[in-house]
Amino acid sequence: MYLWVHYTDMVIALLQLPVAAAVWWAGTGPGASAARPSRTAAVAFLLLLGGAALRLAAGVLLLPWGWEFAGPRLVFVAPALVVAATVYLVWLRPAGEPPGEPPVYRSGQERVAAVVGAVGVVLVAAMAELAGTGAAAATGLAVLGASAMGWAYRKLRRRPAPEHAGWRPAAARVAVGVALVVAVAAGVSAASVLPARSSMTGGAVDTGGGAAGHQHRGGISVTELTGADTTAAGDVAVDRFTLTAQEATVRLDSGEQVAAWTFNGATPGPQLVVRQGDLVEVTLVNRLPGVGVTVHWHGVDVPNAMDGVAGVTQDAVAPGATFVYRFRAVQAGTYWYHSHEMSSVQVRRGLFGALVVLPRDAPVRDGDTVDETVLRHTWGSEDGVATLGLGSGVQRRAVPAGRQVRLRLVNTDGDPATFTLTGAPVRVAAIDGTDVHEPGVLPGARILVGGGARYDLVFTMPDQPVTLRADGPGIVYSPHGDAGPDHAAAPAMLDPARYGTPAATAFGTDSRFDRRFTLRLDERLGFYDGRPAVRYTLNDATFPDVPMLMVSDGDLVEVTYINRSGQHHPMHLHGHHMLVLARNGRTTTGSPWWVDTLDAGPGETYRVAFRADNPGMWMDHCHNLEHAANGMILHLGYTGVTSPFQTGSGTVNHPE
Ligand code: C2O
Ligand code: CU
């Protein structure tokens, strides 16, 4: 329903642009000074009016979603409808007067002015939906300016609008119109070019109602936030790994060969398994030709300097160079790692892998349990070949009946994927690396796993096949290696807001928050970095213009994500875990629901909270990495923390 209203409204707004041009043409053209309006003008105007009425209805229909959804449409479209209807009734309504009385019309000049005004407000309303309030304001100004110039021209020349005079004036008007549109587009495109260097330090900030403090100056650099106090080796075990970024040709089991970028020649890269409490030391070696690379530990709350974001916490590691990451694996769970340099390209091409932190007291893995990470990935493009690991079809695994099985689902794509497990009673043991409190047994599982998110499933292997599907590719687990009957009824969709049972948390929906932020997520037509693009905006801005969310160490922070677009946006906050307090205004009732990547669906509103307890400069972005590359990135900054790194075409860093 939401999608339907949202996109219908958007399409109508889009169609209003050419219709408005037609009205303008017919209502102001040669002959406009004639007392009698043309039928064409009237008909086109009716279309414009009908569109505005439908858009107003869309605004009303969205009222249940809240004012953030309905308001902009009502506020912009309602005046447009009133102005346009008035103009139509007074100036453009074709003859239909009571018989016997001559039609009364205002002068052509008045009519032209009215039509221009009406077309202008409808355009402003359309631009507000399509390109945002800034573009709407610019459109309003442009219409005003053009009318003023036309008025002045005619006043100074003391002559009326030209009468019908063949095709020349018409061609001239078309040329002027096209030139105007092209000039505006070129200007907007040029203005959208990103600075060659931008620094995360010193830009606009949003303090969320808290004290501004010393924002950046004279503070501590992110490079000093290495967590040295917690990573002193001492008596802890050290897990050492080397990840070498290199090219390799990998073969999907569909037979397709992929020229991939890999860690250690494989993709997914090596699965890193460590124990909770261990010190993890990973040496990144870059052997890719001509491109930089980093490693980001997705979902692990590492010290800021180890976060691996090019241009924010380090420079991209140049070909031939190395970088050593050190952090303590504090929390057990399922995580993954991936490059955070040109991530929309590099993750897609294969620079990712799984990171599993086993609980401190878990028995050493023996033959009695099956513990498998299942990484879903789509190769080539969004519509490319989807796989689990490298398997695009249905893979088989032999698992003796009675074994405990843990499947760690990881969605490495940007779009959400539906995972379905049938054939055994199952529990959803963990979400984004945090255990679910008292997860109930489900007859089967169907889970919408958002981009970047992880869900752990546990079950006891029955004496029959168990089938896992992930929107296409699948795996069949069976005691004898045979295929399962794949016609089990689809289980109900898991609702993490109501799954499990409540447990005490350090803060919750009634806490007193030190900072509150609201982020409106939209899709807008326009230009990004000089190219025509769907811009994915946060409070109507795109990276690097989205104000940094400023917090102080120790703050309790509330963030409200309002997704007004028609797309899923898996919002990933680095370095922190967020507790989901409410969805669409309703408080969560199940287990505490902790996430590092929150998939906000179209029309959804989420209220989340986190403790600012990991000083640094942290990315907060949509993990649909194409969206991030089109602007959906902001940062969380701590007062007193600065970064010496920069991003942009003039640097080696392109984190998105
Ligand atoms: Cu998994 Cu900022 O990324
Ligand atoms: Cu997104």
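The notes below deal with the structure included here. (Residues numbered from 1 in each chain as written. Chains lettered and ligands numbered in written order. Predicted model: local features only at pLDDT ≥ 70, side-chain atom pairs only at ≥ 80, totals over all residues. Heavy atoms only, no water.)

## Notes on the overall build of the protein chain
Rule in force here: Numbering goes from the N terminus for both helices and strands, where a helix is a DSSP run of H or I of at least four residues and a strand is a run of E of at least two. We call two residues contacting when some pair of their heavy atoms lies within 4.5 Å. Calculation of accessible area relied on Shrake-Rupley with a 1.4 Å probe; when residues are assessed, cover is drawn exclusively from the protein chains displayed. Neither His nor the chain ends contribute to the count of charged residues, in which Lys and Arg are positive and Asp and Glu negative. By convention, charge coordinates are those of NZ in Lys, CZ in Arg, CG in Asp, or CD in Glu.
Helices and strands together make up the secondary structure of the protein chain, namely nine helices and 36 strands. If you line up the protein chain on its principal axes, its C-alpha atoms span 100 × 60 × 55 Å. For the protein chain, restricting intrachain contacts to residue pairs at least 6 apart in sequence, the fraction spanning at least 24 positions comes to 76%. For the protein chain, the exposed area adds up to about 27100 Å²; of that, 60% sits on carbon and sulfur atoms. The protein chain carries 49 positive and 56 negative side-chain charges, and their two centres are separated by 11 Å.

## A word on the sheet that holds strand 27 (residues 569-573)
The pairing of strands in a sheet comes from backbone hydrogen bonds and takes either a parallel or an antiparallel form. Selection rule: What makes two strands pair is DSSP finding at least two bridges between them.
Strand order in the open sheet formed by six strands is 2-25-34-33-27-31, and the pairing between neighbours is mixed. Edge positions in the sheet fall to strand 2 (205-206) and strand 31 (597-600), since each has one partner strand and no second.

## Brief notes about the packing of aromatic side chains
Given two aromatic rings, their pairing is described by the distance between the two centres and the angle made by the two planes. The cut-off we apply is this: Ring geometry is summarised as follows: Phe, Tyr and Trp rings, the Trp one being its six-membered ring, pair when their centres sit within 6.5 Å, and such pairs are stacked at plane angles under 30 degrees, edge-to-face over 60 and tilted between the two. A 1.4 Å probe rolled over the protein chains alone gives each residue an accessible area, and that area as a share of the maximum for its type sets the label: buried under 20%, exposed over 50%, partly exposed in between. A positively charged side chain is recorded as over a ring if its NZ (Lys) or CZ (Arg) lies within 6 Å of the ring centre. The angle to the ring normal must also be within 35 degrees.
Tallied over the full model, the rule gives 13 aromatic pairs. Centroid distance Tyr2 to Phe69: 5.7 Å. Interplanar angle 90°. Geometry classified as edge-to-face. Residue Tyr2 is located in helix 1 (residues 2-28), and its partner Phe69 is located in helix 3 (residues 67-92); the two are separated by 67 residues in the primary sequence. Judged by relative accessible area, which is 6%, Tyr2 ranks as buried. Relative to Trp379, the ring of Phe352 has its centre 6.4 Å away and its plane inclined at 40°; by these criteria the two rings are tilted. Of this pair, Phe352 sits in strand 11 (residues 352-358) while Trp379 sits in strand 12 (residues 369-379), placing them 27 residues apart in sequence. Residues Phe352 and Trp379 agree in their burial class; the two are buried. Looking at Arg349, its charged tip hangs above the ring of Trp261, at a distance of 4.1 Å from the centre.

## Re the environment of Asp482
Take Asp482: it is sitting in the loop between strand 22 (474-478) and strand 23 (515-528). For Asp482, a relative accessible area of 35% translates into the label partly exposed. Distance in space between the C-alpha atoms of Asp482 and Gln464 is 9.1 Å, their sequence separation being 18 residues. With near-sequence residues (within four places) excluded, Asp482 lies in contact with Arg396, Pro465 and Val476.

## Digging into the sheet that holds strand 10 (residues 333-338)
Definition in use: Between N-to-C directions, angles cover 0 to 180 degrees, with each direction set by a line fitted to C-alpha atoms, over the stretch in contact for helices.
What the four strands build is an open sheet, ordered 6-11-10-8; its pairing is mixed. What marks the edges here is a single partner per strand, and that holds for strand 6 (269-275) and strand 8 (296-298). Taken over all neighbouring pairs, the strand axes of this sheet differ in orientation by 25° on average, direction set aside. Examined bridge by bridge, strand 6 and strand 11 share five bridges and lie parallel to one another.

## Digging into the pattern of salt bridges
Heads up, the condition is: Any Lys or Arg side-chain nitrogen found within 4 Å of a carboxyl oxygen on Asp or Glu counts as a salt bridge.
One pass over the structure, following the stated rule, counts 25 salt bridges. Close ionic contact of Glu626 with Arg348 constitutes a salt bridge, the shortest N to O distance being 3.3 Å. Note that Glu626 is positioned in helix 9 (residues 625-629) and Arg348 in the loop between helix 8 (343-346) and strand 11, a separation of 278 residues in sequence. Residue classification places Glu626 among the partly exposed residues on the basis of a relative accessible area of 29%. What makes Arg348 buried here is its relative accessible area of 13%. Between Arg515 and Asp555 there is a salt bridge, with the nearest N and O atoms lying 2.7 Å from each other. Of this pair, Arg515 sits in strand 23 while Asp555 sits in the loop between strand 25 (548-551) and strand 26 (556-563), placing them 40 residues apart in sequence. Since its relative accessible area comes to 11%, Asp555 is described here as buried.

## Quick notes on the packing of helix 1 against helix 2 (residues 39-61)
Each packed pair of helices is defined by two parameters, the angle between the axes and the distance between the axes. For clarity, the threshold we go by: Throughout this description, any angle smaller than 35 degrees is read as roughly parallel, any larger than 145 degrees as roughly antiparallel, any in the 65 to 115 degree range as roughly perpendicular, and the remainder as oblique. Left-handed describes a crossing whose near helix is turned anticlockwise from the far helix through less than a right angle; right-handed describes the clockwise counterpart. Residues are grouped as follows: Ala, Val, Leu, Ile, Met, Phe, Trp, Tyr, Cys and Pro are nonpolar; Asp, Glu, Lys and Arg are charged; every other residue, Gly included, is polar.
At a closest axis distance of 9 Å, the pairing of helix 1 and helix 2 adopts a crossing angle of 155°. Taken together, the axes of helix 1 and helix 2 lie roughly antiparallel to each other. Relative to helix 2, helix 1 is oriented so that their crossing is left-handed. Counting all contacts with helix 1, which are made through Val5, Asp9, Ile12, Ala13, Gln16, Val19, Ala20, Ala22, Val23, Ala26 and Gly27, the residues of helix 2 involved are Thr40, Ala41, Ala44, Phe45, Leu47, Leu48, Gly51, Ala52, Leu54, Arg55, Ala58 and Leu61. Of the residues that constitute the contact of helix 1 with helix 2, the class distribution is 17 nonpolar, four polar and two charged.

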